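What follows is the residue order along each chain.
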Amino acid sequence: DAGVTQSPTHLIKTRGQQVTLRCSPKSGHDTVSWYQQALGQGPQFIFQYYEEEERQRGNFPDRFSGHQFPNYSSELNVNALLLGDSALYLCASSLDKGSVGQPQHFGDGTRLSIL
Amino acid sequence: GENVEQHPSTLSVQEGDSAVIKCTYSDSASNYFPWYKQELGKRPQLIIDIRSNVGEKKDQRIAVTLNKTAKHFSLHITETQPEDSAVYFCAMNTGNQFYFGTGTSLTVIP
């Protein structure tokens, strides 16, 4: 039973560039959430995708965008990268059961460094 | 936005002792409260969760209690072992959005 997989594991970019991170959810899951985790902090919710649409969004600027594909996999795109975007980006998947608050399972994350 | 306060930020216990971590929140509509364990360089791992219609849940050495009136929930680890050393995060939901605490670094001293 494959868990949540993310790629790449590490990425180095420079300010102003754009980046795309990828996530495949756990088998049987249909919902994907993205988080940003700065060093020494808890994960911060970016947004959640369900049925190929952004269902809920946290307090992140429009530079952060995403997509979900028919096979439930997802991408996180960040434009005009800033030094402050350096962080671990985590993907979490869950199964929508018609009510909020479902267990989320995390991937290993993508470590993004901005120079 | 929603705020989750987590205490303490660091906790050291002797092997075999108990550890308690507490979180408080403000959104009375929250209905799901998971706890995650994150070892250094690894993914957050769901270790236990509780729903708002339950006051306590236990899984072997780990238990979680929820006081909805006071808006706080706690993680209890009994008979701690060195492998319990990690950072623990509480979380709660507002709709489909999850808010995480700032984490508790637990060290179990052999």
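A. A look at unusual backbone geometry. Following Ser7(A), the chain continues to Pro8(A) via a peptide bond in cis, the omega torsion being -10°. Relative to the helices and strands, Pro8(A) resides in the loop between strand S1 (5-7) and strand S2 (10-13). Note the cis peptide between His7(B) and Pro8(B), where omega equals -5°. Turning to its location among the elements, Pro8(B) is positioned in the loop between strand S1 (5-7) and strand S2 (10-14). Its identity is not glycine, yet Glu52(A) carries a phi of approximately 65°, on the positive side. With respect to the helices and strands, Glu52(A) occurs in the loop between strand S5 (44-50) and strand S6 (53-57). Even without being a glycine, Glu79(B) presents a positive backbone phi close to 45°. Following the sequence through the fold, Glu79(B) ends up in the loop between strand S8 (72-77) and strand S9 (86-94).

B. Just the nonpolar core, in detail. Core analysis: the biggest nonpolar cluster contains 25 residues, and Trp35(B), Phe73(B), Leu75(B), Tyr88(B) and Leu106(B) have the highest contact counts within it. Beyond its immediate stretch of four places on either side in the chain, Leu106(B) contacts Leu11(B), Val13(B), Ala19(B), Ile77(B), Asp84(B), Ser85(B), Ala86(B) and Tyr88(B). Grouped together as the second largest cluster of nonpolar side chains are 19 residues, Val4(A), Tyr49(A), Phe60(A) and Ala87(A) included.

C. Spatial organisation of the side chain of Thr110(A). All names here are of chain A. Counting through the fold element by element, Thr110 comes out in strand S11 (residues 110-114). Judged by relative accessible area, which is 0%, Thr110 ranks as buried. Within the structure, Thr110 has its side chain in polar contact with the backbone oxygen of Pro8 (distance 2.5 Å). Not counting residues within four places of it along the chain, the set of residues in contact with Thr110 comprises Gln6, Ser7, Pro8, Thr9, Leu21, Ala87, Leu88 and Tyr89.

Procedures and definitions
- Along each chain, the written sequence defines residue order, and numbers are assigned to residues from 1.
- Starting at A for chains and at 1 for ligands, labels are handed out in the order in which the entities are written.
- Per-residue local features of the predicted model are confined to residues with pLDDT of at least 70, and side-chain atom pairs are confined, for both listing and counting, to 80 or more; whole-chain, interface and lining totals are unaffected and use all residues.
- To obtain the side-chain values, all non-hydrogen atoms of the structure were included, while hydrogens and water were left out.
- We count a stretch as a helix when DSSP gives it H or I for four or more residues in a row; a strand needs E for two or more, and each element gets its number in order from the N terminus.
- By nonpolar core we mean a set of buried residues, namely Ala, Val, Leu, Ile, Met, Phe, Trp, Tyr and Cys, connected to one another through side-chain atoms within 4.5 Å.
- Note on exposure labels: buried denotes an accessible area under 20% of the residue type's maximum, exposed denotes more than 50%, and partly exposed covers the range between, all computed with a 1.4 Å probe on protein chains only.
- Should any heavy atoms of two residues lie within 4.5 Å, those residues are considered in contact.
- Any pair of nitrogen or oxygen atoms within 3.5 Å is treated as a polar contact; in protein, a donor-acceptor pairing is required on top of that, and neighbouring residues in sequence qualify only through side-chain atoms on both sides.

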